[in-house]
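# Per-entry structural report
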Amino acid sequence: MSLINEALVSSTETFSMLKDQLKELKNEPTPFYLYDLNLFEQTLEKAQSAASKYNFQVHYAMKANSNKPILRLVKKYGFGADCVSGNEVKRALKRGFSPEHIVFAGVGKSDAEINFALKHDIFCFNCESSHELAVINELAEQQDKMARVALRINPNVDANTHKHITTGLNENKFGINIWELEDVLQLIQSLPNIELIGLHFHIGSQITDLTVFNNLCARVNEIQDWFNDRGLELPHLNVGGGLGVDYYHPDQNLIPDFESYFAIFNENLKVRPGQQVHFELGRSLVAQCGSLITKVLYIKKGRTKNFAILDAGMTELMRPMLYQAYHKIENLSSVLPEVKYDVVGPICESTDCFAKDVMLPETNRHDLMALRTAGAYGEVMSSEYNLRDKANAVYVS
Ligand SMILES: *Cc1c(COP(=O)(O)O)cnc(C)c1O
């Protein structure tokens, strides 16, 4: 079996950083996730300094990646935690996030999850329906607590991203629709254990067309006016996450343009005096810091196609199969002329395919491959299907 460091070719200039990092890892069994904590710190630093210019508060969306070293750095740089399950709230508390920096969203919070969050006095529930408001009120009453809530409103703004990661259109299950607001407001006024502290929006993920955020701001302004007209001043606005990353050219765009992103909100959002603006970033903070490292097991030559069969599949990285996501694939072992491949995994599913018809240097058994930009929504979605072992996480800094 070839060792990791022996599987690298040293002659090419490209992806040298990844190769340098891999050289240290002789016996690591593939597949594994490789995280560049240096890059992660730089990314967090850039995001935090861009946000703090405007006194914006950023919560890290834990569902993107909740590994211990990742959360440790998130906390070190002063981010809060955005959770979408009771276990994420639990994990955030365990990793030392203080309850007043934890927000809890999700369209289907269970009673046990709500009770847990109430017990620990988290900062805010992002509420997605009137039914949920009534249930939180009831559970809060039983604990003799006030539940702080922000209404997650579906602003019907098109995120201009893949339909499977769009969340802010009328057809999506998320949030309270505009036409329900009158009723929701009346309901809230009858719920003694609910304190309405803000409005929440999250319109989708992997948003690369930044004008989408201009549209979001315009909608938020209208909706906020609507509340003000009814005599409600809200201390918090939470505009969610969704900033995209460059899956096609990771090395040219390792760190997203946080400056432009936050500047859009600063320019377009009508923030009331004393009002606090919150963001929930996941992908943009952690995606570029991770790669899935895998080896080629077999090459299968068909009549019309060549298959490169990897030792990683949908059990390690599901995004390509779940929503046709693109991840750049790099052969770190070959400098031969390029050939066209379907790059597939070993799992017994036809959809277990990372990419069709990609050009790669001619590939052989035991070549080392990197699936780039896999730090967000990669390892967290892994499964044991086919009784697969869980891939290790390896950290370099
Ligand atoms: C997933 C999610 C986020 C983070 O989205 P990214 O695209 O990773 O920035 C933020 N808020 C909520 C409510 C989410 O569900």
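Residues numbered from 1 in each chain as written. Predicted model: local features only at pLDDT ≥ 70, side-chain atom pairs only at ≥ 80, totals over all residues. Heavy atoms only, no water.

With that out of the way, let us pick up the overall build of the chain. Summing up its helical and strand segments, the chain has eleven helices and 17 strands in all. The C-alpha radius of gyration of the chain comes to 23 Å, within 12% of the 21 Å expected for a compact globule of 397 residues. The principal-axis extents of the C-alpha atoms in the chain amount to approximately 70 × 40 × 40 Å. Buried positions account for 56% of the 397 residues belonging to the chain. Within the chain, contacts between residues separated by at least 24 positions form 72% of all contacts whose residues are at least 6 apart in sequence. (Helix = DSSP H or I, 4+ residues; strand = E, 2+ residues; numbered from the N terminus. Rg over C-alpha atoms; globule rule 2.2 N^0.38 Å. Buried < 20%, exposed > 50% of the residue type's maximum accessible area, 1.4 Å probe, protein only. Contact = heavy atoms within 4.5 Å.)

A few words now on the domain arrangement of the chain. Here the chain is described as being made up of domain 1 (4-35 + 288-396) and domain 2 (37-287). Computed from C-alpha coordinates alone, the two centres of domain 1 and domain 2 are separated by 33 Å. Listed by partner, the interface residues are 24 residues for domain 1 and 27 residues for domain 2. For the domain 1 face of the interface with domain 2, the top three residues by lost area are Gln288, Cys289 and Tyr377, together amounting to 30%. (Domains from an automatic or database assignment. Buried area = accessible area lost by both parts, 1.4 Å probe.)

Turning our attention to the packing of aromatic side chains. In this structure the tally under the stated criterion is 15 aromatic pairs. With a centroid separation of 5.9 Å and an interplanar angle of 10°, the aromatic rings of Tyr33 and Tyr35 are classed as stacked. Here Tyr33 and Tyr35 have matching classes, each one buried. Every member of this aromatic cluster is reached through a ring pair, and the members are Tyr54, Phe56, Phe213, Tyr261, Phe262, Phe265 and Phe279. Lys90 extends its terminal NZ or CZ atom over the ring of Phe116, reaching a point 5.3 Å from the ring centre. (Phe/Tyr/Trp six-rings, centres within 6.5 Å; stacked < 30°, edge-to-face > 60°. Lys NZ or Arg CZ within 6 Å of the ring centre and 35° of its normal.)

If you check the shell around the ligand, you find 16 residues, and the closest are Lys63, Ser205, Glu280, Arg283 and Tyr377. Asp82 places a polar side-chain atom, nitrogen or oxygen, 3.3 Å from a nitrogen atom of the ligand. Gly282 has a polar backbone atom sitting 3.0 Å from an oxygen atom of the ligand. If the ligand stood free it would expose 390 Å²; the protein chains cover 94% of that surface. (Near = heavy atom within 4 Å. Polar contact = N/O pair within 3.5 Å; in protein donor to acceptor, adjacent residues only side chain to side chain. Areas by Shrake-Rupley, 256 points an atom, 1.4 Å probe, with all protein chains shown as cover.)

The element strand 8 (residues 194-200) is extensively covered by neighbouring structure, given that six of its seven residues are classed as buried. Here strand 6 (residues 147-154) pairs with strand 8 via six bridges, running parallel. Bridged to Arg152 within strand 8 is His200. Relative to strand 9 (residues 236-238), strand 8 runs parallel, the two sharing three bridges. When the sheet's bridge partners are listed, Gly198 is paired in strand 9 with His236. Of the crossover connections in this fold, the one passing from strand 8 over helix 8 (residues 211-229) to the parallel strand 9 is right-handed. (Pairing = 2+ DSSP bridges. Right-handed = clockwise from strand over helix to strand, strands pointing away.)

Another aspect to go through is the nonpolar core. One finds Tyr60, Phe125, Leu151, Phe227, Phe262 and Phe265 to be the most contacted residues of the largest nonpolar core, which totals 103 residues. Residues lining this core come from more than one domain, with at least three contributed by each of domain 1 (4-35 + 288-396) and domain 2 (37-287). In contact with Leu151, not counting residues within four places along its chain, are Cys127, Leu133, Ile176, Val184, Ile188, Leu196, Gly198, Leu199, His200 and Phe227. By size, the runner-up hydrophobic cluster in this structure holds 14 residues, among which are Ala7, Leu22, Leu332 and Val396. (Core = buried A, V, L, I, M, F, W, Y, C linked by side-chain atoms within 4.5 Å.)

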